[in-house]
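One-letter residues, chain by chain:
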Amino acid sequence: MIDVSDLRKGVTFELDGNLYKVLEYHHHKPGRGNAIIRIKARNLRSGATIEKTFVSGERVQDIRLDYHTAQYLYNDGDTYYFMDTETFEQYPIRAEILGESAGFLKENLEVKLTFYNNEPLDIELPTTVDLEVIQAEVAVKGDTATGVTKTVTVETGMQIQVPAFVEVGDIIRVDTRTGEYVTRVQS
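These figures come from a predicted structure and were not determined experimentally.

**Q** Even after reading the chapter, I still don't get unusual backbone geometry, so can you show me in this structure?
**A** With the exception of glycine, the majority of residues adopt a negative phi angle, and the majority of peptide bonds are in the trans configuration. Despite not being glycine, Phe-88 shows a phi value in the positive range, around 65 degrees. Along the chain, Phe-88 falls in the loop between β8 (79-84) and β9 (90-94). Assessed through its relative accessible area of 56%, Phe-88 is described here as exposed.

**Q** I tried to follow the pairing of strand β15 (residues 171-175) on my own but got confused; where do I start?
**A** For a regular strand, the rule is simple: side chains alternate between the two faces of the sheet. With 4 of 5 residues buried, β15 lies mostly within the body of the structure. With 4 bridges joining them, β15 and strand β16 (residues 181-186) adopt antiparallel strand pairing. Bridged to Ile-171 within β16 is Gln-186. A loop of 5 residues connects β15 with β16, the two strands running antiparallel in sequence, and Gly-179 in this loop sits at a positive phi of about 75 degrees.

**Q** Help me out: how do you make sense of the nonpolar core in this one?
**A** One finds Phe-82, Leu-105, Ile-123 and Ile-172 to be the most contacted residues of the largest nonpolar core, which totals 29 residues. Ranked by size, the runner-up nonpolar core spans 13 residues in total, among them Ile-2, Val-22, Ile-39 and Phe-54.

**Q** Just checking my understanding: could you explain the sheet that holds strand β11 (residues 119-124) for this structure?
**A** Hydrogen bonding along the main chain pairs the strands of a sheet, whether they run parallel or antiparallel. The 5 strands are arranged β9-β8-β7-β10-β11 in an open sheet whose pairing can be described as antiparallel. The open sheet has two edge strands, β9 and β11, and neither has a second partner. If you compare each strand with its neighbour and ignore which way they point, the axes differ by 45 degrees on average. With 6 bridges joining them, strand β7 (residues 66-75) and strand β10 (residues 110-116) adopt antiparallel strand pairing. From the neighbouring strand, Tyr-67 faces β10, where its bridge partner is Thr-114.

About the criteria used
Residues numbered from 1 in each chain as written. Predicted model: local features only at pLDDT ≥ 70, side-chain atom pairs only at ≥ 80, totals over all residues. Heavy atoms only, no water. Helix = DSSP H or I, 4+ residues; strand = E, 2+ residues; numbered from the N terminus. Buried < 20%, exposed > 50% of the residue type's maximum accessible area, 1.4 Å probe, protein only. Pairing = 2+ DSSP bridges. Core = buried A, V, L, I, M, F, W, Y, C linked by side-chain atoms within 4.5 Å. Axes fitted to C-alpha atoms, helices over the stretch in contact; angles between N-to-C directions.

Take a look at the structure:
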């Protein structure tokens, strides 16, 4: 058991028979009384997001997770397939469980698969991924003010705000934690 004040973003715990991963964590200490901890967490089996409020001193069940390096293979609609790089076993994970992470997946990308009792639950992406721009708005000539951005679509179908000089065919680096453009890798 762990104290709810130890919950932080990324921590996984069990509550009422369900496994949750903390997405957001807020600690509020009023003038008198116990601190209040508010979290936003995702159910790792259903993909549903909940908001929960705890009073300082409450406890939740800590769980032990295993991690395996895996390679993203392909998806067929709403199921994504990963292969363990050591055992070559394939594991399917539903799109609703992956959430926004699915937008960063391209073939052969290495990720960390999270397991609980030999059940694949979640993935951990690398900090950045390189994606090819397949569609871009046309930059307006003469629009050179600082910080001018436009929306582009990358090979995974995700849309990202980038500087005006990025064009179709460019490879850009994207931060998987925020979904923001980092740099142009090559053009």
